Each structure stands twice: as structure tokens, then as C-alpha cells.
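Each chain is listed here by its residues.
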Amino acid sequence: MTERDEPLPTPMPTLPPSDPLNPRNHRSSVALARASLFKFVVLLTGVFVLGGCMLAYLARDLDRVEEVESEFYTLKAVRSLEKSLSATIKDYAFWGDSYKNLHLHVDTDWAFVRQNIGPTLYSDFGFEGLFVVNDADATVYAVTEGNLTTVDAAQWLGPSMSQILARAREGAEKETPTTAYIQVNGVPALVAAAAITPGTDPTVVPDDRAPSVLIFVTLLTDAKLAALGKDYGVGALHVATPDELGHASVLALGQDGEAGALHWIPPKPGERLLMLGLPWVCVAGLLVCLMAWAILRRTTASAKSLDDSYASLQRSQIALATSEARFRDVVEASSDWVWEIDDQGRFTYLSERFEAVTGLSRDGWAGASMDDLLGTEMGTVSQWLAIPDRKPEISIQCRYADARGQARITRLSARQMKGAGFRGTATDVTEEVEARRRIEFLSQHDALTGLPNRVRLQEFLDGKLKATPTAQHPLVMLSLDLDRFKPVNDLLGHAAGDTVLNEVSRRLSDCVRHGDLVARVGGDEFVLILTDVEGPEEVEALCQRLIGSIEHPVLLNEQEVFVSASIGIAMAPTDAREAAELLRYADIALYEAKASGRSTWRFYAGDMNARIIERRRLESDLRFAIKHGELRLHFQPRYRIADGHMVGAEALVRWQHPVRGLIAPDTFIPIAEETGLIIPLSDWVIATACSQAATWPAHLFVSINLSPAEFKRGQVSLRVQKILEASGLEPSRVELEITEGVMLEDAAGALEVMRSLKRLGVRIAMDDFGTGYSSLSYLRTFPFDGLKIDRSFLTRLGESEDDQSIVKAIIGLGRALSLTVTAEGIETAEHLALLKAVACDEGQGYYLSKPLNMSDFTSLLGQGSPVDSDC
Ligand code: C2E
Ligand code: CA
Ligand code: CA
């Protein structure tokens, strides 16, 4: 994790307790507004309640006043009623005519018919009862409800009549009537009574009797009372119902209210006032409440916004402090450095990190031009900054030299400042760029040797082919494959193999020119691309150099390792123009080079393809041949050199092709090895050789060649055992020839197989000794019975002394190891003489006998030994 990746420390800045911005010193405006509004509402409610109370009090007072007033008027009305009744009765009672016609004698006609005191009093004044009671208190004249009746006044007036009569008579002298309230049939009534006197009439002579009394009764009916009330402004004056008694606005009539009571409904201005005023007060109160609520809302909102703005102010203060702290931390903690330049491109600010990252002095660079420090691949930084509409988020990679003069890479980002100039950061990306380069390199190169890999090769090839090479300046591709590399790996271990590959890679790279490419495309496969080549001669010279260089022994822990190489060559544009085609053709050429004996090179030729196709055909033909008996076995006799006696014969296979004729083993054995046909082929050879040898004289052995490919597949000894048993041949009469290749491929496995073969009782000889590694240690370690000196030594035997001494040395070695030494390829008498001179054990060759077909060999056996005489 780099410094930059760590989380940045961003401590929360704290404010001093005295700071008004400190939240502890701040009471929210909302709370404040709410508190004051609450007080206001309480006050307002008080005012309204008080107002309401006062209004109620006022209304009550008003009502009380009205009540008193109405009582007064009711009383006044009643009094006036009494007065008017008194006045009326006065007119009728204190009148001489009444005295004459109702007291002295009762004249109903005068009174009723002539309507002096008759029904009109009822119809005009509403007096329901008119009575005249004489001195004996008997009712002498009675008119009720306008009708003349015989009703006794006592019936109407009840028990209070006597009292009324008495008071009326008392007032006779002063001519004052009396009034009283009574109940007549449950209805209150006002009674006026007056003693009948002659009045001021001088013609009337009074008698001595007690005066008769005139009584007027007016029933206080509701209609009369209502009319009365109306006259006096008393509302709804009526006789009080029992329910209304005991309440206000009641006027008792008579003594203790025995006559009943009056009741009225006084006007209630207070109540009206309340009814009218209270709703308004309520409405006003409601409005005030609404207003208060609205005000509360507004003030709360504004207080809240005040609070919010206060809080946001506080937050922004804190954020500012935080961002400052963060900026400081970032600037100091990150590996980036921060810069500012003026409009002239000179540094006006460099952060502290500048020194830590670059090792350069801040003071030294203050005021210096940015272009002097940093350079880009496309020009100066100033030019980059001046690009119109340059996107600020796009950064640029710059190079600079640090304090130690070492090249470093930094990623620069820049933003235009408000005034003039720029500001930005510089991130050191040297390691990142290097790592990326490394990854890129690794993805395109082989990890072991560091050579370009197939990916890079493809890229390089594509590039070069795009440049369209010409016949004069062709593009040459060499496909190079190491020979005998696999045994190195298997025998000496992978570490040794790696060393050899590295060494080979180095040597290959040394052989080519700058601009050429050497790529490793497989285990021991390389591809070389050469661009500046004059012609095929130059290519051949290079191939020679390459193989020569590779064939130099590689020293591995004081052991010399030999490898070689085969090379296939293809050229553009003559052979192909496409990369894939070119690679394929170079591979075909390589195959051809390998097929023609390795350690050599081949140019791709148009017919190579045809040859490959040919080979494929041969392969299928061989399959057929093995099954259908097209194989033939020839025998080449081997002789003891000392006495010229035949000791045995080597079985050599041929293929009697129906079209091509007799084909040599060198042509088809490699195909058989590659395709696995070697097993059935070899089985046939061993079986045929053994069955033939079984017919030979008992002193002759048969020598059979085994391919290294057979050893790999195993089961060799088992196969040999079975075939031997089937043929009935003595195992001691069988010799198996194997080459070094067997041991090179898998030494331990080979030893195992050879030991089991030895257990069968067969002999084993090393074939072609001296061509490969010819490691002497093999001869010691492996259970060989004999060795065959390769015929190449004999062909050179006459020419070089060296070869003579080598042959001599091999024979000496063989003898020392108790091996039978056989010389192959004896072509002349000279060869034979020489071998005889160095006491070589056995020999075979054209000079002695060519390989013979079976019948020829059988007839040879019949002839007896032809060379006996020669040796
Ligand atoms: P090799 O085992 O070295 O066999 C001897 C080869 O040398 C034979 O070639 C033989 O014809 C040839 N030769 C013998 N005397 C002379 C001479 O004086 N001068 C010259 N120049 N050549 C001589 P051939 O039969 O063509 O066999 C070639 C190779 O094929 C053999 O080499 C052997 O490695 C392989 N081969 C032949 N038959 C078999 C077989 O049945 N099985 C296996 N696995 N390989 C076989
Ligand atoms: Ca052989
Ligand atoms: Ca041989």
C-alpha cells in the first residue's frame, strides 16, 4: 500500500467555548420564537377571557336592570289597572242614580236593560262580573260576562268577600273604593268594590241602612294582561304557571299571592348582547388564534431558517476547517506535490512534498519556469496548458530529473486559476510506469530467456510485413529447432536444460544484427526474423554461424553438453506474404532439415509441401505393407576378423513397395518411429529373423536392430521373450543392436529394459559407436556385450592418423571392458588389413558381403564361408 492509498486523517476541528458559533452557546431561534409566542398567546387568551367575563357581567347587569325595570313597570301597570278600576267604580258607585236604582230599590231594568250598569261594562271595559250586594250582604244584582244572572257574588269572591264588603263600606264616607285580588275559578281577578252612595246628587235621600256595595270583577286573562303589558312595555305579561313561580319576574297578587301571580318576560339586552357579542368575540378570538398560529408558523419557519442558516454557517465553518485540515493532510500525506504557476509559467507555490518526492529545493525552484523542470513527449508543459478547450481532468505524463539526476516520470494535472495562472498536482508514476512496462515486457517476452515470445513475434512480423518487403530486400524467417536437447533435459535435469536454453538464446542473439528478432516460441524452438539481408548466400552464412555457435559445447558443472540445431528458412515475399503462411513454410523447411540428418538448414521449396504429402502417403502405405507382407529381411554376414569365419548376420529390413520398388530402411524407419508403426514392424523383423536363424547352423547368431522409439514404449523384453519362445531359437544366438539414443532419451528406463533383456539370455551391442556422445560411461554402466564402431570411422581410416588411433583406442577400450568390438562398413581389403592389425574382433561390410536376401543368404550358408580364404 502506498502512502496515498491510506485513508486520510480528517480530525473534526473544535471551537473554543467562548465562540458564539459553539453550539453550546447557541439557543435555537425556533425555541426562542416558540417561547415568546407562547407567552403572547397566554396573554391574549387572558385578555379574551377577561373581555368575555366583562361582557358577561355587563350583560347580566343589563339584564338585571331590565328585570328591575320591567318589574317596576309591571307593578305600575297593575296599579294603573287598579286605579282605573277604582276610578271607574267610583263613577258608578258614588252616583245618586245608582243609589236610587240599586240601593234604595233594585231596578234591573234601569241597570241592565237601559245599560246604566249593564253589559257594556263587559263589552267596553271587560268587567266579567258586576255585582250589587245589599246591606244584608245578599247579591241583588248580578251580571256576569255581560249577562244578567242570579249568581251569588259570594260564589265569585269567595271567603274574602266579607272583608272586601267591609272595606268598601268603610270607605263610604270618604267615597273611596277598595280593590283586592282574588281568584275566580282559578283565574286571578281584580276586584273593585265601593259602597253605593248618593254622591253629590241632592235629590237623593239616603236611608239608614248600611250601604249596598257595587262590585266590579275583571278577570286577569292572558289577553288582557298581554295588552296591559304592551301598554307598559312589559313583554309577555301573563298569569304565572306553577313552574314559573319562584323565579324572577313574578308579581304576586293579593296577600301572600293567594290570588296567583303574574309573570312576564323582561327584555334581556345582556343576553342579546352576549348572543350578538360573544360570537364576534369568539370569531375575533379564533381569528387571533389563527393569526397567532400563522405568526407562529412564520416565525418558526423564519427561526428555523435562521437556525438552519446558523447551522449551515456552523457546518460550513466546520467544513471549511475540515477541508483545510484535509487539504493539509492530503498535501502532506500524499506522494503528490501541489504546484501553482503564474501566467508566465513560473512557480509561485510548491508544496512541501515537492522536496520529499523530487529531492529538489523548493526555494531553488520558486520563481523558476515550469518548463525548465518538466518536459513532455509532445512538447513543453506550457504548450500543453495553452491548448484551447483542454479538459482539466485529462492529465499529462512528464519527465524530469530528480536531485540525483535520475529520470523520473510524473503525471501532471492542471486547472486554470480564477485570476491568471494554473494550479495542479504532480503524481510520481515512475514505479507505476516501470511496472507497466515490465508487465508489457513480460507479456511479450519469454520468462526464462527474456527473448520475445510468440505474441511479440506476431506483432513484429505484422509490422514488418506491412512494410511490404521486396525480393531485393526480403524478410527472412528462420525456424530453428535444437537437436539432442531433450536428452539434456532428461539426463541432466531441468535446471541444466534451462541453462542450455539461456546460453543458446544468448548465442543466437549474438549472431543477429540489431533490428532483427530472435523469439523463443516453444521448448527448444526459436524463430529468427532478419530484415536486412542481401541474398540466400548471406542467409546460409548466417545459418552456418548459428549452428556453429550452438554446437560449441555448453559447460555445465564441469561437464560439456553438446547440442545442435536444424534450421528451416522461408522468405517474404518470394515464399509467402502472410505471417501465418511464412511460419508454416519455415516449419516445413525445418522438418526437411531435420529429416536430412539434422545440424543443417533448408530453404523452403515449393515441392517440400509435396514431399510432406508424399511422406503422409508413405505412412499409410507402410501401415498396409506391414500387414500385407511387403517387408523383406536381408542379412549381412558378420565375420571374425582373425580367422575369417562367419559368426553371424545382421538382419536389415527392406520394403518391397509395389510401385517404388525396394525401399531402404533409412526412408521408412523414421516414419515408422514417428507413427508408432515401429512396434509391429519390429515384431515382424524379430520374429522373421529368429525363425530364420533357427534354421542356420547352431554357431551362427542373428543380430537385430532395435529402435530407441521401442524402448520408450516399453514391453520390449516381453515382446522379445514371446517371439523367442515362439521361434524356439536359443536366446544366446540373438544379439540386439541399440544406439546411444536409447540411453539419451531415458537412461534409467533403458537400463531397466536392458537388464530384463539380459535376463532373457540375449546379447546386447551398442550400435554406431562414435557418432553421438559416445560417452564411455554408458559402456561401463550398461550391460553391453559388444560395440559396433560406426562405419564413418572406417571410411576415413585411410585419410587420417587420428581416426586410426581412435579406432585403436576403441578396440583397446572394448577389450578392457570385455566387449566384442565389431567394425562396420569394411569396404576394402585395406580396411580389413588395418583392423586385423589392430586386432579388431569382428567385422562386416560390403567388401566382405553386402546384405543378402534370404535365399542368397541361405545359399551362402550352403557354400560355406566365402571370405575365409580372404581373411
Ligand atoms: P545400421 O544398423 O548401421 O546398419 C548397417 C547399415 O550399413 C546397413 O544399411 C547396411 O546396408 C550398411 N552397410 C553395410 N556394409 C556397408 C559398407 O561396407 N559400406 C556402406 N556404406 N554401408 C554398409 P541399411 O540396411 O540401409 O540400414 C540402414 C540403417 O537402418 C541401419 O543402420 C539401421 O540403423 C536401420 N535398420 C535397418 N534394418 C533395421 C531393422 O530391422 N530395425 C531397425 N530398428 N532398424 C533397422
Ligand atoms: Ca546395426
Ligand atoms: Ca551401425
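Everything quoted here is computed from the prediction, not taken from an experiment. (Residues numbered from 1 in each chain as written. Chains lettered and ligands numbered in written order. Predicted model: local features only at pLDDT ≥ 70, side-chain atom pairs only at ≥ 80, totals over all residues. Heavy atoms only, no water.)

**Section: helix α20 (residues 665-675)**
Reasoning step 1: Looking at α20, one finds that the buried residues are P665, F668, I671 and A672. Along the axis of α20, the buried positions cluster into a sector of 145°, meaning they face one direction only. Among the exposed residues of α20, those pointing more than 90 degrees away from its buried face are D666 and E674.
Reasoning step 2: Immediately downstream of α20, the backbone of G676 shows phi near 90°, a positive value. (Buried < 20%, exposed > 50% of the residue type's maximum accessible area, 1.4 Å probe, protein only. Helix = DSSP H or I, 4+ residues; strand = E, 2+ residues; numbered from the N terminus. Arc of directions from axis to C-beta.)

**Concerning a nonpolar patch on the surface**
Reasoning step 1: On the surface, a cluster of nonpolar side chains totalling about 690 Å² of accessible area is made up of W280, V283, L286, L287, L290 and W293.
Reasoning step 2: Relative to the helices and strands, W293 is located in helix α8 (residues 269-333). (Patch = residues over 30% accessible without salt bridge, like charges linked within 9 Å, V, L, I, M, F, W, Y side chains within 5 Å. Areas by Shrake-Rupley, 256 points an atom, 1.4 Å probe, with all protein chains shown as cover. Salt bridge = Lys/Arg side-chain N within 4 Å of Asp/Glu carboxyl O.)

**With respect to the UniProt feature "transmembrane region" (unreviewed entry) in the protein chain**
Reasoning step 1: Summarizing the sequence annotation, UniProt attributes the feature "transmembrane region" (unreviewed entry) to residues 37-59 and 273-296 in the numbering used throughout.
Reasoning step 2: The span residues 37-59 carries 100% helix and 0% strand; its end-to-end C-alpha distance comes to 32 Å. (UniProt positions renumbered as here; feature names shortened; annotations may be inferred.)

**So, the domain arrangement of the protein chain**
Reasoning step 1: For the protein chain, the assigned domains are domain 1 (26-88 + 269-333), domain 2 (94-219), domain 3 (220-267), domain 4 (336-444), domain 5 (447-604) and domain 6 (617-863).
Reasoning step 2: Here the C-alpha centroids of domain 4 and domain 5 sit 45 Å apart.
Reasoning step 3: The partner domain 5 presents six residues to the four residues of domain 4 that form the contact.
Reasoning step 4: Broken down residue by residue, the surface that domain 4 buries against domain 5 is led by F441, S443 and Q444, which jointly contribute 91%.
Reasoning step 5: The tally of links from domain 4 across to domain 5 stands at zero salt bridges.
Reasoning step 6: Here domain 4 is connected to domain 5 by three residue pairs in polar contact (both at pLDDT 80 or more). (Domains from an automatic or database assignment. Contact = heavy atoms within 4.5 Å. Buried area = accessible area lost by both parts, 1.4 Å probe. Polar contact = N/O pair within 3.5 Å; in protein donor to acceptor, adjacent residues only side chain to side chain.)

**Overview of the sheet that holds strand β12 (residues 375-376)**
Reasoning step 1: Pairing is antiparallel across the open sheet formed by seven strands, whose spatial order is β11-β10-β16-β15-β14-β12-β13. At either margin of the open sheet sits one strand with a lone partner, and together these are β11 (347-350) and β13 (379-380).
Reasoning step 2: As paired elements, strand β10 (residues 337-341) and strand β16 (residues 422-428) share five bridges and run antiparallel to each other. Looking at the pairing, I341 lines up with F422 of β16. (Pairing = 2+ DSSP bridges.)

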